[in-house]
Amino acid sequence: MANQFLHAMRLMRSRDPQKQEDGFHLLRPHAAQHLQELITEFNREPNHGLRCWMLELIGETRSADALPVLVAQLHSDDESLRDWAIRGLEQLDTKPARHQLYRARSAGLIR
């Protein structure tokens, strides 16, 4: 399984847009199995587009373990990351996730 994750990440980091897409779609159905690895890679990734994709995958896991990353990005100055965090929190749909969205809306951070 780790090899599958590494292979998908290699593809996502390729200069070839088709390989990037292939890597994303290879990892998508298995994102929950690789959540901690995704979080680690997200935190060290300098490429903005790849960070957005990884945050999308993190959100799609619908795992409570993703909550801290999603909440941190909910408060990001980067609108794209903030939007993926909102989507991930909405998909998580737990009381803590809804509470964080409510707080951010009440504070005027998001709509």
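Located above this text is the structure these notes cover.
This section reports on the structure supplied with the text. (Residues numbered from 1 in each chain as written. Predicted model: local features only at pLDDT ≥ 70, side-chain atom pairs only at ≥ 80, totals over all residues. Heavy atoms only, no water.)

1. Let's talk about the layout of surface pockets
Okay, so step 1: By volume, the largest pocket is sized at about 160 Å³.
Okay, so step 2: Every residue along the wall of the largest pocket is listed here: Glu79, Arg82, Asp83, Ile86, Leu109, Ile110 and Arg111.
Okay, so step 3: Taken together, the residues that form the lining of the largest pocket break down as 3 nonpolar, no polar and 4 charged. (1 Å grid on protein atoms, 1.4 Å probe; cavity = no way out; pocket = protein on both sides within 12 Å on 5 of 7 lines; lining within 4 Å. Points joined across faces, edges and corners; volume = space filled by probe spheres on them. Nonpolar A, V, L, I, M, F, W, Y, C, P; charged D, E, K, R; others polar.)

2. Details of unusual backbone geometry
Okay, so step 1: Here arginine 62, not a glycine, exhibits a phi torsion of approximately 55 degrees, which is positive.
Okay, so step 2: Mapping arginine 62 onto the fold places it in the loop between helix 4 (48-60) and helix 5 (67-74).
Okay, so step 3: Residue classification places arginine 62 among the partly exposed positions, given a relative accessible area of 49%.
Okay, so step 4: The phi dihedral of aspartate 93 falls on the positive side, at around 50 degrees, and the residue is not glycine.
Okay, so step 5: For aspartate 93, the position within the fold is in the loop between helix 6 (79-92) and helix 7 (95-106).
Okay, so step 6: For aspartate 93, a relative accessible area of 46% gives the class partly exposed. (Helix = DSSP H or I, 4+ residues; strand = E, 2+ residues; numbered from the N terminus. Buried < 20%, exposed > 50% of the residue type's maximum accessible area, 1.4 Å probe, protein only.)

3. Quick notes on helix 7
Count 3.6 residues to each turn of an α-helix, and residues three or four apart come out pointing the same way.
Okay, so step 1: For helix 7, with 12 residues, the first-to-last C-alpha span of 16 Å sits near the 16 Å given by 1.5 Å per residue.
Okay, so step 2: Those residues of helix 7 lying buried are Ala97, Gln100, Leu101 and Ala104. Down the axis of helix 7, the smallest arc covering the buried residues is 95 degrees, so these residues share one side. Exposed and oriented more than 90 degrees from the buried face of helix 7 are Lys95, Tyr102 and Ser106.
Okay, so step 3: Buried positions along helix 7 lie against helix 5 and helix 6.
Okay, so step 4: At the C-terminal side of helix 7, glycine 108 shows a positive phi close to 80 degrees. (Expected span 1.5 Å × (residues − 1). Arc of directions from axis to C-beta. Contact = heavy atoms within 4.5 Å.)

4. Some words on the packing of helix 6 against helix 7
Okay, so step 1: Look at helix 6 against helix 7: their axes get within 8 Å of each other, and the N-to-C directions meet at 140 degrees. What the angle tells us is that helix 6 and helix 7 run oblique. Where helix 6 crosses over helix 7, the handedness of that crossing is left-handed. From helix 6, Ile86, Leu89, Glu90 and Leu92 reach across to helix 7, where they touch Ala97, Leu101 and Arg105.
Okay, so step 2: Residues that form the contact of helix 6 with helix 7 fall into these classes: 5 nonpolar, no polar and 2 charged. (Axes fitted to C-alpha atoms, helices over the stretch in contact; angles between N-to-C directions. Parallel < 35°, antiparallel > 145°, perpendicular 65-115°, else oblique. Left-handed = near helix turned anticlockwise from the far one by under 90°.)

5. Observations regarding the packing of aromatic side chains
Okay, so step 1: Under the counting rule described, the total for this entry stands at 1 aromatic pair.
Okay, so step 2: When the ring centre of phenylalanine 42 is taken as reference, the NZ or CZ atom of arginine 51 above it lies at 4.1 Å. (Phe/Tyr/Trp six-rings, centres within 6.5 Å; stacked < 30°, edge-to-face > 60°. Lys NZ or Arg CZ within 6 Å of the ring centre and 35° of its normal.)

6. Thoughts on the pattern of salt bridges
Okay, so step 1: Within the structure shown, the criterion is met by 7 salt bridges.
Okay, so step 2: For the salt bridge of arginine 28 with glutamate 60, the shortest nitrogen-to-oxygen distance reads 2.7 Å. Residue arginine 28 is located in the loop between helix 2 (17-27) and helix 3 (35-44), and its partner glutamate 60 is located in helix 4; the two are separated by 32 residues in the primary sequence.
Okay, so step 3: Overall, arginine 28 belongs to the partly exposed group, its relative accessible area being 31%.
Okay, so step 4: When salt bridges that share partners are traced, they join Arg13, Glu41, Arg44 and Glu45 into one network. (Salt bridge = Lys/Arg side-chain N within 4 Å of Asp/Glu carboxyl O.)

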